[in-house]
Amino acid sequence: EGEHRSSMEEDYFADTYQEAREKFLKAAKAAGAKIESLELKGQKGPEGETLAIDIAVLGDVNNSNPESLLLHTSGVHGPEGFAGSAIQTWFLTQLAKNDELRNELGRKKGTKIALVHAVNPYGMAWIRRYNENNVDLNRNFLLDPKQSHADIQNVDYPLVHEIFKPSSYGYFGNAHFMLRLCKVVAGFSFNFKRFKQAVAGGQYDFKDGFFYGGDRLQPGPQMLVDAFKTIGLNKDNKQLDTVLLLDIHTGLGKNGVDILITMDEKICGRLGDIYGKSHIQPPTGDMYKVLGSTLDIVESLAPTTAKNLLSVCQEFGTIPMLGLNLGWMLPTSLKSMIVRLPVLNALLCDGVLNAMLEELVAWCKNPKTSLAHKCKDRLKAAFYDQSTSWKRRILHRGRTVLCQSLSHIGITKHGGLC
């Protein structure tokens, strides 16, 4: 049974962007989806392959004014897309075999489902969290015409930029970085929430910095916004009442465990009714707040008459945010003791921020840094745990949350899918 499960998971997961794209498109075609590919002009993948945001539309596909929309997005942060891609490919593959669910979708007039594969195809292909212009696309969707990217100020980011800019990454790598980090955190009076907000909330002034949101809407996001408008998410569609956007991410939290994140505390109750209150992470406590994320798209594009608007990020944990990655120096017996202590475990593990910084250093030196470079392996591992157990958890919870989302828009007959 274990071997069968392992091979089943490999059917949906991929090792490269190109492989993931081919699996997604094959499954979308088999499911009878209407497919639109938004090619990223002027950019190619490591093997010269086309880079595109692919959208598979299901349901009442020819209805330009739907009443209900489910938008499922993956790959906003490049290598995080392998998890979302697998969930989408799994769903489309099962749909092709599931007559009851296909018939239910066909009968449901005024309802559309759009699966968006690889919002950041450049980042997924080149193993970059950011896009071809070093822009974090999850800080780039500032769609309010009254608010430009230049208007946004993260007043605390300049205090941390010195340790996160590429030229600051010293010869001693992790150890040097962690020492400087401790000094900066001390400058915040050890207010970790304020520090996290400064680092990860997004900034629009330092093009070589972390979480840079860009100075304008990027080409990929612009194409995606236009596609969403065509699908029916626009101000002129007065028929639209229900929109649910589910965006898949990895990196934050306990390995293989997902949380459902919202930036709007007012909708936590409704999200809890759909997915279970224990899974919802409200924008309180230690959570940092983000502007210009995918979660802002629905509110920005929907007509004011639409009353049932929800956006949520499903985030699967991988490795700690920070780590010294010293495990290779220690004997196995000692490592097995340390890993039981969460505080000391950071000494052994790599860290997400550490891996991001090393890749940024390499990219600033050469935007076409080879996938064979160690920084690419390190970044990929930070967001894509390739163990069978992790993949199994992603498919299980990804499937569960997707089915709960289908029920929310009125697709309740899943034909044993969930």
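Since we're looking at a predicted model, the values are computed, not measured.

Bringing the sheet that holds strand E1 (residues 34–44) into the picture now. One open sheet holds the eight strands; their spatial order is E1-E2-E4-E3-E5-E8-E6-E7, and the pairing between them is mixed. Strand pairing shows two members of the sheet lacking a second neighbour, E1 and strand E7 (280–281), which therefore form its edges. Two elements, strand E3 (residues 68–73) and strand E4 (residues 111–117), share six bridges in a ladder whose sense is parallel. Looking at E4, one finds that Thr-73 is bridged to Val-116. Strand contacts of helix H2 (residues 17–30): E1, strand E2 (50–59) and E4, with the helix running at about 25° to E2, the strand carrying the most contacts.

What follows deals with the side chain of Arg-21. Structurally, the position occupied by Arg-21 is in helix H2. With near-sequence residues (within four places) excluded, Arg-21 lies in contact with Ser-37, Thr-50, Ala-52, Asp-54 and His-117.

Looking along a regular strand, one sees side chains alternate from face to face of the sheet. Counted residue by residue, E2 has eight buried out of 10 residues, so it is predominantly covered. When E1 meets E2, the two strands line up antiparallel, connected through seven bridges. Bridge pairing links Lys-34 to Val-57 in E2. The turn linking E1 back onto E2 is made up of five residues, and Gly-48 within it adopts a positive phi angle of 80°.

What follows deals with the packing of helix H6 (residues 157–164) against helix H8 (residues 192–200). Close contact between H6 and H8 brings their axes to 9 Å; oriented N to C, the two are set at 70°. It follows from the interaxial angle that H6 and H8 lie roughly perpendicular. Residue-level contacts link Tyr-157, Leu-159, Val-160 and Phe-164 of H6 to Arg-194, Phe-195, Ala-198 and Val-199 of H8. Residue classes in the contact of H6 with H8 are distributed as seven nonpolar, no polar and one charged.

Another aspect to go through is the packing of helix H3 (residues 81–97) against helix H4 (residues 99–107). Two elements in contact, H3 and H4, have axes separated by 6 Å at closest approach and are oriented at 95°. When the axes of H3 and H4 are compared, the pair comes out roughly perpendicular. Contacts between H3 and H4 involve Phe-91, Leu-95, Ala-96 and Lys-97 on the former and, on the latter, Asp-99, Leu-101, Arg-102 and Leu-105. In terms of residue class, the contact of H3 with H4 is built from five nonpolar, no polar and three charged.

What follows is about the packing of aromatic side chains. Any aromatic ring pair is given by two values, namely how distant the centres are and how the planes are angled relative to each other. Considering all chains together, one arrives at seven aromatic pairs under this definition. Here the aromatic rings of Phe-82 and Tyr-384 are separated by 4.8 Å at their centres, their planes lie at 10°, and the arrangement is stacked. One end of the pair, Phe-82, is in helix H3; the other, Tyr-384, is in the loop between helix H15 (374–383) and helix H16 (388–408), and 302 residues separate them in sequence. With relative accessibility at 3%, the residue Tyr-384 sits in the buried group. With a centroid separation of 5.8 Å and an interplanar angle of 75°, the aromatic rings of Phe-188 and Phe-195 are classed as edge-to-face. Ring pairing ties together the aromatic residues Phe-13, Phe-82, Tyr-384 and Trp-390, which thus form one cluster.

The next thing to look at is the pattern of salt bridges. For the coordinates displayed, the defined rule picks out 18 salt bridges. Where Arg-129 meets Glu-80, a salt bridge forms, and the shortest distance between an N and an O atom there is 3.4 Å. Separated by 49 residues along the polypeptide, Arg-129 in the loop between helix H5 (121–126) and H6 and Glu-80 in the loop between E3 and H3 bring together distant segments of the chain. The two residues Arg-129 and Glu-80 agree in class, both being buried. A salt bridge links Arg-139 to Asp-136, with the nearest nitrogen and oxygen atoms 3.7 Å apart. With respect to class, Arg-139 is no different from Asp-136; both count as buried. The network of salt bridges with shared partners includes Glu-80, Arg-129, Asp-136 and Arg-139.

Attention shifts here to the confidence of the model for the chain. Of the residues in the chain, 89% have a pLDDT of 70 or more, and the chain-wide mean is 88. Here residues 337–348 is a poorly scored stretch, pLDDT under 50, and it has 19 contacts once near neighbours within four places are set aside; other chains count.

Moving on, we come to the side chain of Gln-203. Position of Gln-203 among the secondary structure elements: in the loop between H8 and helix H9 (219–231). Polar side-chain contacts of Gln-203 include one of 3.0 Å to the backbone nitrogen of Asp-205.

Estimated volume of the largest pocket: approximately 1000 Å³. Lining the largest pocket are 42 residues, and of these Lys-196, Leu-252, Asp-286, Tyr-288 and Met-321 sit closest to its centre. Secondary structure elements with two or more residues in the lining of the largest pocket: helix H7 (173–187), H8, strand E5 (242–255), strand E6 (258–261), strand E8 (308–317) and helix H14 (352–365). Tallying contributions element by element places E5 first for the lining of the largest pocket, with six residues.

Criteria and cut-off values
- Residues numbered from 1 in each chain as written.
- Predicted model: local features only at pLDDT ≥ 70, side-chain atom pairs only at ≥ 80, totals over all residues.
- Heavy atoms only, no water.
- Pairing = 2+ DSSP bridges.
- Helix = DSSP H or I, 4+ residues; strand = E, 2+ residues; numbered from the N terminus.
- Contact = heavy atoms within 4.5 Å.
- Axes fitted to C-alpha atoms, helices over the stretch in contact; angles between N-to-C directions.
- Buried < 20%, exposed > 50% of the residue type's maximum accessible area, 1.4 Å probe, protein only.
- Parallel < 35°, antiparallel > 145°, perpendicular 65-115°, else oblique.
- Nonpolar A, V, L, I, M, F, W, Y, C, P; charged D, E, K, R; others polar.
- Phe/Tyr/Trp six-rings, centres within 6.5 Å; stacked < 30°, edge-to-face > 60°.
- Salt bridge = Lys/Arg side-chain N within 4 Å of Asp/Glu carboxyl O.
- pLDDT = per-residue confidence, 0-100.
- Polar contact = N/O pair within 3.5 Å; in protein donor to acceptor, adjacent residues only side chain to side chain.
- 1 Å grid on protein atoms, 1.4 Å probe; cavity = no way out; pocket = protein on both sides within 12 Å on 5 of 7 lines; lining within 4 Å.
- Points joined across faces, edges and corners; volume = space filled by probe spheres on them.

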